[in-house]
Amino acid sequence: MSLEKGLKCLQLKDYARAVELLEEYCQQSANFYSPLYIQAKMALARAYRGNNQRQQAIVLALELENHLDQEVSQWAKRLLTIFRAEQKTIGIATNGVKFRSLPKAARAARVNVRLSRTIPENRLIFAKLLTITAFYAIICGLFFVITLFLLIPAGKGVIIALLLTGFLGGLILFIAPNLIDWTQKRLYRVRWVSLAEIKRYSPESAAVIGRVCREKGLKPPKLGIIEDGHPLAFTYGSRRGNACLVVSRGLFTYLDDEEVATVYAHELGHIWQGDFALMTICASFDHLSCYIDSFAQNQGNNFKDTVFLALLSSIITIFRPIIVFCCLYLSRTREYFADHFAAQVTGNPNALARALVKIAFGLVQETAQFSPLSLSTNVLNIALEQDAIIAGNVYGIALESRRIGQSFLWDIYNPWAKWLELQSNHPLTGERIRALANYARQMDLDIEFSLRGVLRQEMELDSKKLYQNFFLRLCLYYASGLGFIIGVVIAGFLWLKFSSWGALGLILVGGGLGIIINQLASYPPLKNASFSDIFALTDNPYSHPLSAIPVRLRGELIAQGKNFFLKDSTGIIPLAPNYRFGFWHKIRTTNSLMVEINNTSVQVLGWFRRDLSPRLEWSQITHSGGNIRVYPRFWSLVSGFGLLVSGLIIENLR
């Protein structure tokens, strides 16, 4: 049968023969609506693409884009998006969009290349020890405080706390992988596959998995695929022998064969280094939280269930930040080591750099499709979704690889990037690309995103402008917390000296002043707002979180669950969640009003803030039916003045 033979030729990358056989099958097919015919059409589009018949592939994708089956339509849209992003083959156009090729840098002639690391070799060991120590110290401290409340003597309390901490740590390590297995089966319908099936999707990936496991003496991990459009890859387990390596279908959609192979190599690096076990503990809380949210939505209004789920959710909310905080340093460090491992075993650091950018692009393109999977695997995934916006937007419109490299200037040189990265569970993409560029240089390879040109721009960047008032702005950025801390210190000093509880009013005064100063510094007047586009805002290496930039933007409003985004011709950006009268006043949200204008053209007035995840904090959305207004800092200022006045009253009553 020509369909089976055509699919086999497609898997073997014999694209010319695959085109011939699949065209023959489609011409002879009598039922244009049968699943086999649609499968043949989709395979033929891929074969056209592989055979450099771009015009035919685009025409076929445009045809499938209008198919009644939603999955087929979405697949075709993703394929067209990839064509636009790669911008290949000058002269081929669809809907007026020209495509041109982005040249790929070469790979090494051999694998298992010896490369010197960009960070010290013992840093990963130190990160593991630090994580374990911090985790056990915090949990042990919590148990010790509980024993003090129970009036247990301090000596016995320490012993009890240590025993309970050891038991709980072992229990969590045992339960965490099973918890992720359970939630994946219930929520994401993970499908466990053989190496042979992976080979059908990506022959080089199967070869890399088999070779690396054989050479490193690793037991092959349990391989899974999740039917999700977001390009994701993650590894979890409690030891090397029971490691699970899961990828999403979107990874094969957005990445080429050699790029997928480097992603698999990266995940195998986590298994080889043994860092995935500790991260599994952290990720299990994300999975459980997502499952509780999903379960709660299907429970109706049962009071007992609501109370129980609220209590369980509160416990997770309390413990998750503690565990995440303990794992932040390890989480960032391990990504560098896994990148180094992948570059060595594949000899292809350029493909991994390209994969990171394409994953970012895929995450941005899938923004309109809500996926709890991307949220629950945030800690484990190869890339951070919040950091994907810049690279993803630039890749979508760049005409040359060098331009993509320039978008990493903020990651590499802005002092705010270095500071904010300390709060992230992934290194910034620009820093990872720079490390991979170093590995390519050691192999005498061209660098994929022309970082040499970017590094030369260090001389052109105004360092005085980059670091201007950095310490002052940092203090203003954290003014709310600093105000309370200063108030506590002064109040404590006065209480020790005068034994007066009235000094506690200074805590409220300090906190109130901190909130007021922070809000005034964060939101400059909107009367200075001018029209711009998303690319121009996000591509500025001098931008920072404080203060925000007043701006007007035109684009399309996109809803994704409870989150909203603005999309224009240059990219996409999150709209910060806002309530009718500010963050503290949750009586009436604007979500229902915004859902009504989903997928419509709007004009947004607000503040652009460049954080780890750039966002637009909007004040007004103008659409064909009128305006939606919010007041982002209104209740924050009210609460600040309230604390200030209350503190002054307490002080006067002293």
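Given the structure is predicted, the values throughout are model-derived calculations rather than measurements.

Conventions used here
- Residues numbered from 1 in each chain as written.
- Predicted model: local features only at pLDDT ≥ 70, side-chain atom pairs only at ≥ 80, totals over all residues.
- Heavy atoms only, no water.
- Pairing = 2+ DSSP bridges.
- Helix = DSSP H or I, 4+ residues; strand = E, 2+ residues; numbered from the N terminus.
- Axes fitted to C-alpha atoms, helices over the stretch in contact; angles between N-to-C directions.
- Contact = heavy atoms within 4.5 Å.
- pLDDT = per-residue confidence, 0-100.
- Phe/Tyr/Trp six-rings, centres within 6.5 Å; stacked < 30°, edge-to-face > 60°.
- Buried < 20%, exposed > 50% of the residue type's maximum accessible area, 1.4 Å probe, protein only.
- Parallel < 35°, antiparallel > 145°, perpendicular 65-115°, else oblique.
- Left-handed = near helix turned anticlockwise from the far one by under 90°.

**With respect to the sheet that holds strand E5 (residues 233-236)**
Next, step 1: Read across the open sheet, the four strands follow the order E3-E4-E6-E5; overall the sheet is mixed. Because the sheet does not close on itself, it has two edges, and the strands there are strand E3 (191-193) and E5. Between one strand axis and the next, the sheet turns by 30 degrees as a mean value, whatever way the strands run.
Next, step 2: As paired strands, strand E4 (residues 222-226) and strand E6 (residues 244-248) are joined by five bridges and run parallel to one another. By the bridge assignment, Gly 224 is partnered in E6 with Val 246.
Next, step 3: Those strands touched by helix H11 (residues 257-273) are E4, E5 and E6, and its axis lies near 20 degrees from that of E5.

**Re the confidence of the model for the chain**
Close reading of the predicted structure is inappropriate where its pLDDT is low.
Next, step 1: Of all residues in the chain, 81% have pLDDT values of 70 or greater, and the mean over the chain is 79.
Next, step 2: Ranking the helices and strands of the chain by mean pLDDT puts H11 first, with 94, and strand E2 (residues 97-98) last, with 36.
Next, step 3: The model gives residues 87-101 a pLDDT under 50, and that stretch makes 41 contacts with residues more than four places away or in other chains.
Next, step 4: Between residues 579-588, whose pLDDT stays under 50, and residues either more than four places distant or in other chains, the model counts 24 contacts.

**Focus on the packing of aromatic side chains**
Next, step 1: Tallied over the full model, the rule gives 10 aromatic pairs.
Next, step 2: Between Trp 416 and Tyr 477 the ring centres are 5.5 Å apart and the planes differ by 75 degrees, which places this aromatic pair in the edge-to-face class. Taken together, the residues Trp 416 in helix H19 (residues 415-421) and Tyr 477 in helix H23 (residues 470-477) connect sequence positions 61 residues apart.
Next, step 3: Geometrically, the ring pair formed by Tyr 477 and Tyr 478 is edge-to-face, given 4.9 Å between the ring centres and 85 degrees between the ring planes.
Next, step 4: The exposure class assigned to Tyr 478 is partly exposed, which follows from its relative accessible area of 28%.
Next, step 5: Site record: aromatic cluster; members linked through ring pairs are Trp 416, Trp 419, Phe 470, Tyr 477 and Tyr 478.

**Considering the packing of helix H2 (residues 15-28) against helix H3 (residues 35-50)**
Next, step 1: For the pair H2 and H3, the least separation of the axes is 9 Å and the interaxial angle reads 150 degrees. It follows from the interaxial angle that H2 and H3 lie roughly antiparallel. With respect to the hand of their crossing, H2 and H3 are arranged in left-handed fashion. Between H2, through Tyr 15, Ala 18, Val 19, Leu 22, Glu 23, Tyr 25 and Cys 26, and H3, the contact on the second element is made entirely by Leu 36, Tyr 37, Ala 40, Lys 41, Ala 43, Leu 44, Ala 47, Tyr 48 and Gly 50.

**Thoughts on the pairing of strand E13 (residues 626-629)**
Next, step 1: Examined bridge by bridge, strand E12 (residues 615-623) and E13 share four bridges and lie antiparallel to one another. Note on E13: the bridge partner recorded for Ile 621 is Ile 628.
Next, step 2: The turn linking E12 back onto E13 is made up of two residues.

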